[in-house]
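Chain residues, written in single-letter form:
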Amino acid sequence: MFQQVARSIVLGCFLVSASAFPRVPTSFVLVGDSTTANGTVLDSGGWGNGFCGSTNPAALTPSSLAPGTPCINTAKNGATTGSFVADGSFNISLANIKAEVAKGRRTLVTIQFGHNDMKIAPPESMGANLTTMVNQIRALGGEPVLVTSLTRRTFFDNGTIQDLLGPWADETILIAQQQQTHLLDLHAHSITYVEAIGPDAAHRLNRSPDDNTHLNENGTIVFGRLLADLFNASFPSQLPIIPNPGLTFNITNGIPSY
Ligand SMILES: *[C@@H]1O[C@H](CO)[C@@H](O)[C@H](O)[C@H]1NC(C)=O
Ligand SMILES: *[C@@H]1O[C@H](CO)[C@@H](O)[C@H](O)[C@H]1NC(C)=O
Ligand SMILES: *[C@@H]1O[C@H](CO)[C@@H](O)[C@H](O)[C@H]1NC(C)=O
Ligand SMILES: *[C@@H]1O[C@H](CO)[C@@H](O)[C@H](O)[C@H]1NC(C)=O
Ligand SMILES: *[C@@H]1O[C@H](CO)[C@@H](O)[C@H](O)[C@H]1NC(C)=O
Ligand SMILES: *[C@@H]1O[C@H](CO)[C@@H](O)[C@H](O)[C@H]1NC(C)=O
Ligand SMILES: *[C@@H]1O[C@H](CO)[C@@H](O)[C@H](O)[C@H]1NC(C)=O
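Presented here is a report on the structure given in the accompanying data block. Counting restarts for each chain, with residues numbered from 1 along the sequence as it is written. All chains are assigned letters beginning at A, and all ligands numbers beginning at 1, according to the order in which they are written. Residue-level local features of this predicted model are given only where pLDDT is at least 70; pairs of side-chain atoms are given and counted only at 80 or more, and the full residue set underlies all totals for whole chains, interfaces and linings. Hydrogens and water molecules were not included; the side-chain quantities draw on all heavy atoms of the structure.

Here we come to the overall build of the chain. Each helix and strand in the chain was counted, giving 10 helices and five strands. Taking all 258 residues of the chain together, the buried fraction comes to 52%. Any two residues whose heavy atoms approach within 4.5 Å are treated as being in contact. In the chain, of all internal contacts separated by at least 6 residues, the share reaching a separation of at least 24 is 73%. Working definition of accessibility: Shrake-Rupley area with a 1.4 Å probe, residue cover restricted to the visible protein chains. When the accessible surface of the chain is summed, it comes to about 11,700 Å², and 58% of that surface belongs to carbon and sulfur atoms. Each helix corresponds to a stretch of at least 4 residues labelled H or I by DSSP, and each strand to a stretch of at least 2 residues labelled E; elements are numbered beginning at the N terminus. Whether a residue is buried, partly exposed or exposed follows from its accessible area with a 1.4 Å probe, protein chains only, as a fraction of its type maximum: under 20%, in between, or over 50%, in that order.

In structure tokens:
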């Protein structure tokens, strides 16, 4: 009797901590181009550093994830879906996925392409390659999560985004529907946010003043958090994401943080 009560108290404590951090141990593996990748300038590049956290001890970019959550950024500068496979990068992603799954971890794999695919082929070519990636990830026990391209921060004079990535975002959405994966619509949400904060604040997130594609350290923090928020919306209360209510408030309400 006493033992049973004691056990339910222990269980009660466990449930309290489980509501803060989920019970299922989870890992993240990131697949994509430079708008996800760790950049060549420390803490810069894509949203991956802001989402995973930087390995630089002096970094401004804390992780969006609970301590101890593996977050392996295998994204590569300049990659198309085709080059990522052909140069062996995707094999590195698959090896990491296999290793995380083998540890008994729920392994979520983000896939975000488009910025370079758009330079070489119509959207359907990227779509076919995304489908192959989704199947290969699932075959290893990983869980693919398709992500639409981060917008470029190139504005028309009237303050709207000059969007060339739309057809590649639409293709990603189509593949997510066909393959029944989770979808994080970073493209739409990043356009909404940068149009709300306007060109000056949006360009303060650029890696260099005229680089409307890559992010500086503040940009990775903002868009890493946007990814975390989109994950939280798509997998409610399932993932080991650390809340950042102030930044989420700013993003949701179109307020510049920097
Ligand atoms: C990211 O790249 C920087 C150099 O550009 C390097 O110092 C850092 O260790 C890299 N981080 C990861 C997680 O690979
Ligand atoms: C998709 O992969 C094929 C090889 O399987 C490649 O020929 C094609 O260029 C790739 N498409 C893109 C947009 O990278
Ligand atoms: C990736 O791994 C597969 C299976 O081991 C192999 O057939 C393929 O050649 C590898 N790709 C590259 C580019 O090394
Ligand atoms: C803004 O300007 C662009 C380019 O001239 C135009 O295509 C677009 O329709 C305009 N949008 C609005 C909301 O006025
Ligand atoms: C996830 O979303 C819910 C509902 O909006 C919110 O209460 C919670 O704080 C969010 N969690 C994180 C980690 O942002
Ligand atoms: C939110 O935006 C305000 C106004 O720009 C800024 O002072 C604050 O630091 C931002 N909060 C976060 C957490 O980024
Ligand atoms: C990031 O924001 C902080 C606080 O506003 C600022 O001091 C710093 O210069 C910014 N970093 C970059 C690279 O713009």
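Moving on, there is more to tell.
Counting buried positions along strand β3 (residues 106–112) yields seven of seven residues, so the element is predominantly enclosed. Relative to β3, strand β1 (residues 26–32) runs parallel, the two sharing seven bridges. Paired with V31 across the two strands is I111, which belongs to β3. Strands qualify as paired when DSSP identifies two bridges or more between them. Here four bridges tie β3 to strand β4 (residues 143–147), and the two strands are oriented parallel to one another.

This brings us to the site of ligand 7. Here a residue counts as near a molecule or strand whenever at least one of its heavy atoms sits within 4 Å of it. Around ligand 7 sit N216, E217, N218 and Y258, and that is every residue in its neighbourhood. A 3.5 Å cut-off defines polar contacts: any pair of N or O atoms within that distance qualifies, except that in protein one atom must be a possible hydrogen donor and the other a possible acceptor, and neighbouring residues in sequence count only when both atoms are side-chain atoms. Interatomic distance of 3.5 Å between a side-chain N/O atom of N216 and an oxygen atom of ligand 7. Note that an oxygen atom of ligand 7 is positioned 2.4 Å from one of the side-chain N or O atoms of N218. Against a free-state accessible area of 360 Å², the protein chains account for coverage of 39% of ligand 7. For the shell around ligand 7, the class distribution of residues is one nonpolar, two polar and one charged. Put simply, Ala, Val, Leu, Ile, Met, Phe, Trp, Tyr, Cys and Pro go in the nonpolar bin, Asp, Glu, Lys and Arg in the charged bin, and everything else, Gly too, in the polar bin.

The residue H214 is located in the loop between α8 (186–203) and α9 (217–234) in this model. Filtering out sequence-adjacent residues up to four positions away, H214 remains in contact with S34, G45, R153, L205, N206 and R207.

Here the focus is the state of the cysteines. The disulfide criterion used throughout: a pair of cysteine sulfur atoms within 2.5 Å. Scanning all chains against the criterion turns up one disulfide. Across the disulfide, C52 is cross-linked to C71 (sulfur-sulfur distance 2.1 Å). Torsion about the S-S bond of the C52 and C71 cystine: about -55°, corresponding to left-handed handedness. Taken together, the positions of C52 in helix α2 (residues 48–52) and C71 in strand β2 (residues 71–73) put the pair 19 residues apart, joining distant regions of the chain. C52 gets classed as buried once you look at its relative accessible area, which sits at 14%. Using a relative accessible area of 18% as the deciding quantity, one classes C71 as buried.

Glancing now at the site of ligand 4. Taken together, F156, N158 and T160 make up the full set of residues near ligand 4. One of the side-chain nitrogen or oxygen atoms of N158 is found 2.3 Å away from an oxygen atom of ligand 4. Taken by itself ligand 4 offers 360 Å² of open surface, and the protein chains cover 31% of this.

In this structure, F28, F51, L186, F223 and F231 are the most contacted members of the largest nonpolar core, which totals 36 residues. Those elements giving two or more residues to this core turn out to be β1, α2, β4, α8, α9 and α10 (245–252). The element that contributes the greatest number of residues to this core is α9, accounting for eight residues. For F231, the residues in contact, after removing those within four places along its chain, are F28, F51, L108, T110, V145, L184, L239 and I241. Among the nonpolar cores identified, the runner-up in size contains 20 residues, and V31, I72, L146 and A176 belong to it. Within this scheme, the nonpolar core is defined by two criteria: the residues are buried Ala, Val, Leu, Ile, Met, Phe, Trp, Tyr or Cys, and they are joined through side-chain atoms within 4.5 Å.

Hydrogen bonds between backbone atoms are what pair the strands of a sheet, whose relative direction is either parallel or antiparallel. Here we have five strands laid out as an open sheet, ordered β2-β1-β3-β4-β5, and parallel in their pairing. The strands lining the two open edges of the sheet, one partner per strand, are β2 and β5 (182–184). Direction aside, neighbouring strands of the sheet carry axes that sit 25° apart on average. Sheet topology places β1 next to β2; three bridges connect them, and they run parallel. The partner of L30 across the bridge, within β2, is N73. The axes used here are C-alpha line fits, helices contributing only the stretch in contact, and every angle between their N-to-C directions lies in the interval 0 to 180 degrees. Relative to β4, helix α7 (residues 166–179) is tilted by about 150°, and along the sheet it contacts β4 and β5.

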